[in-house]
Amino acid sequence: MRKTKKVLSLALASAMALSLAACGGGNAGDTTTAAPAETTTAAAAETESAAEESEAPAESEDGFNLAVCLASEPQSIDPALNSAVDGAIMINHLFEGLTKWVDDGKGNAILAPGQAESFEKAENEDGTVTYNFKLRDGIKWSDGKDVTAADFEYSWKRLANPDTAADYCYMIDMVKGYAEVADGSADPDTLAVKAIDDKTLEVVLTYDCPYFEEIVAFPATFPVRQDMTEGNDEWTYDVATYVGNGPYKMKEWSHNAYIEVEKNENYYDYANLGPDTIRFTLLDDENAMLAAYKSGELDFIENLPMDELPNYLASGELDISDYLGTYYVCFNTEDEVFKDPKIRKAFSLVIDRNYIVDNVSQAGEVPATGFVPAGVNDAAGPGHDDFRTVGGEYYSVDEADYEANCEEARALLAEAGYPGGEGFPTVEYLYNTADNHKKIGEALQNMWQEQLGVTVTLNNQDWNVFLENRKQGHYQIARNGWIADYNDPCTFLDMWYTDGGNNDAQYSNPDYDAQIDAAKATSVAEERMKAFHAAEDILIKDDNVLAPIYFYTQPNMLADDISGMYYTPLGYFFFGYTSRN
Amino acid sequence: MSKYFAKRIGMALVTIFLVTCLTFLLMNAVPGSPWLSEKSPSEATLAALNAKYGLDKPVHIQLMKYLGNLLKGDFGVSLKMQKNRAVTSIIAEMFPVSARIGALALTWAVLVGVPLGCLAAFKRGKFTDSVLRVICTLGISMPSFVVASVLLVAFAGGLAVLKIFPTIFDPALGWRSYVLPCFSLGFYPMCYTARQTRSAMLDSLNQEYIKTARAKGLKNVKIIFKHALRNALIPVITYLGPQVAFTLCGGFVVESVFSIPGLGRYFVQSIQNRDYPVIMGTTIFLATFIILMNVVVDLLYKVADPRINLTKGGE
């Protein structure tokens, strides 16, 4: 008897294990069952069809359950506090702003009326602009209460309030009174957002902001419920308090595993929604994402291991979508060596952007010919020549011109006092520790050394340390990247304003600042764009503060049997109207 | 015995206090902040964030405040990874996941490793011993991410026929989710335990009292499991103590490969993210757990060998 007791005591942990393991159990529904095809176009979504689709048979266990993977656990899914694209995609499914993104029928998102069915815009005598939003009838929160204009008023004031400490508070900086509220000198109640009655929201802007209708489709401006959020910092973590007004509502959040959302029966367009549930699987390893996609556990992924990209691109399984963003190299303009624009220009000219795109990054990126990427609207608006087309190329990225570019670069370096790279000090290229940045860094190092005869060392740092050093200007050359918040050159150009929060180049030029000021002061689209073009000319052509490398693309893989997904070049994918064939 | 416990608990508290202070200071000395990202928030927002979470005060004041809160059982809230969520609820949710996998892994490691070790010792120099030696050497020299990746490729989608297990860990799928992670996590301890048991067992088998037992005509099974194993267990227990703590708190690599929402992976990510309260919470939790397991090991010594006197001669 004693013997068995002793042997068992050895496995003390083992005994415990069995009791713990017993808590498993449960059965998950099969995700591969087909649903009755419900093709939903934007047009159908718009007209609130009274025509009843025959309800999907009985339980959603056999319904259409979509599984997608965007990224790992979101840092916050509070619309005001979220600052990430993956969080924004989820919030887009769980909440809805005054306007919303709908499918144009070809997979591209276009703006359409959301919670507001219409709005009136009037210019006032003092140059301010008043928007009157008329809310749609029958809009409800996921718990059945009505959405009112007061909800929007509360949410916008909450966003601007410095106590909320929202990263994206500046998205509504065009609203009258914002500046005073943001710096704490005025009460948030002074913000010019007012609920006239339950159905009417009045917003006064300091100027006629051309992208304002897009701003009200931006997650930070989505309404939240005062009774759920106030005094409860953890409201997003409880299904009971996480009340939204979007097409889907939170069903379950298993932290670091998945967020599952289901159709919101209180949503006005409920009848046309596609998947019964959407599961946002939360993974942080790209290999795991790919493995799960290949094994059929995921229907959609947007991150792949870098080494796998070319294969999937070649086989046609991988789609490449436009993405408003630029990968670039920034020079520290306060550095002893790189304060000379000629040297910066020489370093920029010898970068063989085609080589990097074709042989290093390999995700179908576009060689950058300027800082503002292709696809950003110019004065004429969407569907016309974009900002890049109007602004033109600052240097040729034609492969045939590469040698000439290098010649020019060598001449510039000689002019700067370093003919053939002679006497040029060893400089350092800084990047954050990651495979793709390392490969690009090595390619750049090679080009600079081969073409200019200078010595460049590579240094990589942990993400957080890297950000700190880049922000403080403790570097010579650093990798950088910028993704648009909204479709307007302003999002790319106002960051280089003297002492701007993201001005990592420590750049300061009064002429540049003057152009940005001019652009922000005018409501005339042509003048505004002229100023932005002039600003970009100074930034890239004259001062060469940055060396743009490529315009980002968004790779993604969607299972063959899924259709109806649409996308904005801001990186937002929409799954609410997909169907399985 | 009670005096011994009082001393152990006192030492444990001092250790935890030191770990807390040291971690807090080191963590603050590392460059970076939880608020940084590719798009930095504005100065005003940064100031508001620092004020809201008390990061605007000098480090020693922050530490005092943290220790004060700790006494009240308040571990603070996550600053970044799960913004505004209480650290205690994060640990309470993630630890059981790690613990369940770790416990299952160690269970099979011990239940298989110890008998295999005995078998190898008993069949020393024979074919069985050689086969076991090859397996154990393989297990000890192969890092767990290799084992995990090989298993993942082989049984979770590499070949359609062999797709038995899911690639993403999902407790809703029941036991199938546990097989691969538990196997990979337990493989190394199993091999190690088997080798330890084998060599300790060989030692014991040569002792006089075993010869006496043989001379008395006892059966092999009885000699091995009743007499020899007991002596051979001491080194195994010594190894298993800290191993239990580490394994139950999460194998970082295995959790990453199988996307398991466990504490081990989270701990590493919290450091990369500079999520100060999460770093503190997980560190203190881990330290406490390891100290606790060391006490348990000491007690197990006594069970395995009653001649061991805990009160004398320190460790």
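All values derive from a computational prediction rather than experimental measurement. (Residues numbered from 1 in each chain as written. Chains lettered and ligands numbered in written order. Predicted model: local features only at pLDDT ≥ 70, side-chain atom pairs only at ≥ 80, totals over all residues. Heavy atoms only, no water.)

Right, let's talk about the overall build of chain B for a bit. Helices and strands together make up the secondary structure of chain B, namely 12 helices and 0 strands. The linear arrangement of helices and strands in chain B, starting from the amino end, is α-α-α-α-α-α-α-α-α-α-α-α. Burial statistics for chain B: of 315 residues in total, 50% are counted as buried. By sequence separation, contacts in chain B at least 24 residues apart represent 72% of the contacts at least 6 residues apart. Of the roughly 14,600 Å² of accessible surface on chain B, a fraction of 69% belongs to carbon and sulfur atoms. (Helix = DSSP H or I, 4+ residues; strand = E, 2+ residues; numbered from the N terminus. Buried < 20%, exposed > 50% of the residue type's maximum accessible area, 1.4 Å probe, protein only. Contact = heavy atoms within 4.5 Å. Areas by Shrake-Rupley, 256 points an atom, 1.4 Å probe, with all protein chains shown as cover.)

Moving on, we get to the pairing of strand 6 (residues 193-197) of chain A. Residues and elements named next belong to chain A. Where strand 6 lies against strand 7 (residues 200-205), 4 bridges are found, and the strand directions are antiparallel. Looking at strand 7, one finds that alanine 195 is bridged to leucine 201. As consecutive antiparallel partners, strand 6 and strand 7 are separated by 2 residues. (Pairing = 2+ DSSP bridges.)

Along the polypeptide, His255(A) turns up in the loop between strand 8 (248-254) and strand 9 (258-263). His255(A) gets classed as buried once you look at its relative accessible area, which sits at 5%. Polar side-chain contacts of His255(A) include one of 3.2 Å to the side chain of Gln82(B). Beyond its immediate stretch of four places on either side in the chain, His255(A) contacts Glu73(A), Tyr237(A), Gln82(B), Arg85(B), Glu93(B) and Pro261(B). (Polar contact = N/O pair within 3.5 Å; in protein donor to acceptor, adjacent residues only side chain to side chain.)

Moving on: the interface of chain B and chain A. At the junction of the two partners, chain B supplies 66 residues and chain A supplies 67 residues. Buried surface at the junction of chain B and chain A, both sides included, amounts to about 5,300 Å², of which 58% is carbon and sulfur. Viewed at the interface, chain A and chain B are joined by 5 salt bridges. Ionic pairing is found between Arg479(A) and Glu38(B), a salt bridge with its closest N-O pair at 2.8 Å. Where the side of chain B that touches chain A is concerned, the elements lending two or more residues are helix 2 (43-52), helix 4 (87-122), helix 9 (220-248), helix 10 (252-257), helix 11 (263-273) and helix 12 (276-304) of chain B. Taken together, the residues of the side of chain B that touches chain A break down into 34 nonpolar, 17 polar and 15 charged. (Buried area = accessible area lost by both parts, 1.4 Å probe. Salt bridge = Lys/Arg side-chain N within 4 Å of Asp/Glu carboxyl O. Nonpolar A, V, L, I, M, F, W, Y, C, P; charged D, E, K, R; others polar.)

Before going further, it helps to examine the nonpolar core. With 162 residues, the main nonpolar core has Trp156(A), Phe212(A), Phe347(A), Phe371(A), Trp448(A) and Phe575(A) as its most contacted residues. Mapped onto the domain boundaries, this core takes at least three residues apiece from domain 1 (3-34 + 61-291 + 559-580) and domain 2 (324-554) of chain A. Dropping the residues within four chain positions of it, Trp448(A) is found in contact with Phe347(A), Val350(A), Ile351(A), Tyr429(A), Gly453(A), Val454(A), Val456(A) and Ile477(A). Listed in part, the 65 residues of the second largest apolar core include Leu63(B), Met81(B), Ala228(B) and Ala232(B). (Core = buried A, V, L, I, M, F, W, Y, C linked by side-chain atoms within 4.5 Å. Domains from an automatic or database assignment.)

Right, let's get into a negative patch on the surface. All names here are of chain A. Where like charges cluster on the molecular surface, the negative patch consists of Asp358, Glu393, Asp398, Glu399 and Asp401. Mapped onto the elements, aspartate 358 comes out in helix 12 (residues 353-361). Judged by relative accessible area, which is 47%, aspartate 358 ranks as partly exposed. (Patch = residues over 30% accessible without salt bridge, like charges linked within 9 Å, V, L, I, M, F, W, Y side chains within 5 Å. Lys, Arg positive; Asp, Glu negative; His and termini not counted. Charge placed at Lys NZ, Arg CZ, Asp CG, Glu CD.)

The next point concerns the pattern of salt bridges. All names here are of chain A. Counted under the stated rule, the structure contains 37 salt bridges over all chains. The shortest N-O distance in the salt bridge between lysine 121 and aspartate 208 comes to 3.1 Å. You can see lysine 121 sitting in strand 4 (residues 116-123) and its partner aspartate 208 sitting in the loop between strand 7 and helix 7 (212-215), a full 87 residues away along the chain. Residue aspartate 208 is classed as buried on the basis of its relative accessible area of 14%. In this structure, the salt-bridge partner of aspartate 307 is lysine 439, at a minimum N-O distance of 3.1 Å. A residue pair is termed long-range when its members are at least 10 positions apart, and aspartate 307 in the loop between strand 11 (300-301) and helix 10 (309-315) and lysine 439 in helix 15 (residues 435-452) qualify at 132 residues. Of the residues examined, aspartate 307 reaches a relative accessible area of 54% and is grouped as exposed. Linked by salt bridges that have partners in common, Asp143, Lys145, Arg225 and Asp227 make up one network.

Looking now at the packing of helix 11 of chain B against helix 12 of chain B. All names here are of chain B. At a minimum axis separation of 9 Å, helix 11 and helix 12 run at an interaxial angle of 135°. Classified by the angle between their axes, helix 11 and helix 12 sit oblique to one another. Helix-helix and strand crossings are classified by hand; for helix 11 and helix 12 the assignment is left-handed. Residue-level contacts link Leu263, Tyr266, Phe267, Ser270 and Ile271 of helix 11 to Val278, Ile279, Thr282, Thr283, Phe285 and Leu286 of helix 12. By residue class, the composition of the contact of helix 11 with helix 12 is 8 nonpolar, 3 polar and no charged. (Axes fitted to C-alpha atoms, helices over the stretch in contact; angles between N-to-C directions. Parallel < 35°, antiparallel > 145°, perpendicular 65-115°, else oblique. Left-handed = near helix turned anticlockwise from the far one by under 90°.)

Another aspect to go through is a nonpolar patch on the surface. Residue and element names in this part refer to chain B. On the surface, a cluster of nonpolar side chains totalling about 300 Å² of accessible area is made up of Val14, Phe17 and Leu18. One can find phenylalanine 17 in helix 1 (residues 2-29). For phenylalanine 17, a relative accessible area of 45% puts it in the partly exposed group.

Most of helix 16 (residues 463-472) of chain A is tucked away, with 7 of its 10 residues classed as buried. The complete set of buried residues in helix 16 of chain A reads Asn464(A), Val465(A), Phe466(A), Leu467(A), Asn469(A), Arg470(A) and Lys471(A). On its buried face, helix 16 of chain A is in contact with strand 14 (427-432), strand 15 (456-461) and strand 16 (477-483) of chain A together with helix 2 and helix 11 of chain B. Just beyond helix 16 of chain A, the residue with positive phi is Gly473(A), at close to 80°.

Turning to a positive patch on the surface, a few remarks are in order. Taken together, Lys216(B), Lys219(B), Lys222(B) and Lys226(B) make up a surface patch of like positive charges. Relative to the assigned elements, Lys219(B) resides in the loop between helix 8 (208-215) and helix 9.

The next point concerns the sheet that holds strand 6 of chain A. All names here are of chain A. Read from one edge of the open sheet, 4 strands run 4-5-7-6, paired in antiparallel fashion. The sheet is open, and its two edges are formed by strand 4 and strand 6, each paired on a single side. On average, each strand axis in the sheet is tilted by 20° relative to the strand beside it, whichever way the strands run. Strand contacts of helix 5 (residues 149-160): strand 5 (129-135), strand 6 and strand 7, with the helix running at about 170° to strand 6, the strand carrying the most contacts.

A few words now on the domain arrangement of chain A. When the parts of a complex come together, some accessible area is lost, and that lost area is often taken as the interface size. Residues and elements named next belong to chain A. Structurally, chain A comprises domain 1 (3-34 + 61-291 + 559-580) and domain 2 (324-554). Here the C-alpha centre of domain 2 lies 34 Å away from the C-alpha centre of domain 1. Residue-level contacts link 14 residues of domain 1 with 11 residues of domain 2. Between domain 1 and domain 2 the total buried area reaches about 1,200 Å² when both faces are included, carbon and sulfur atoms providing 56% of it. Three residues stand out in domain 1 for area buried against domain 2, namely Tyr207, Tyr211 and Leu570, and they jointly supply 38% of the buried area on that side. The interface formed by domain 1 and domain 2 contains 0 salt bridges. Applying the counting rule to domain 1 against domain 2 returns 6 residue pairs in polar contact (both at pLDDT 80 or more). The class makeup of the residues in the side of domain 1 that touches domain 2 is 12 nonpolar, no polar and 2 charged.

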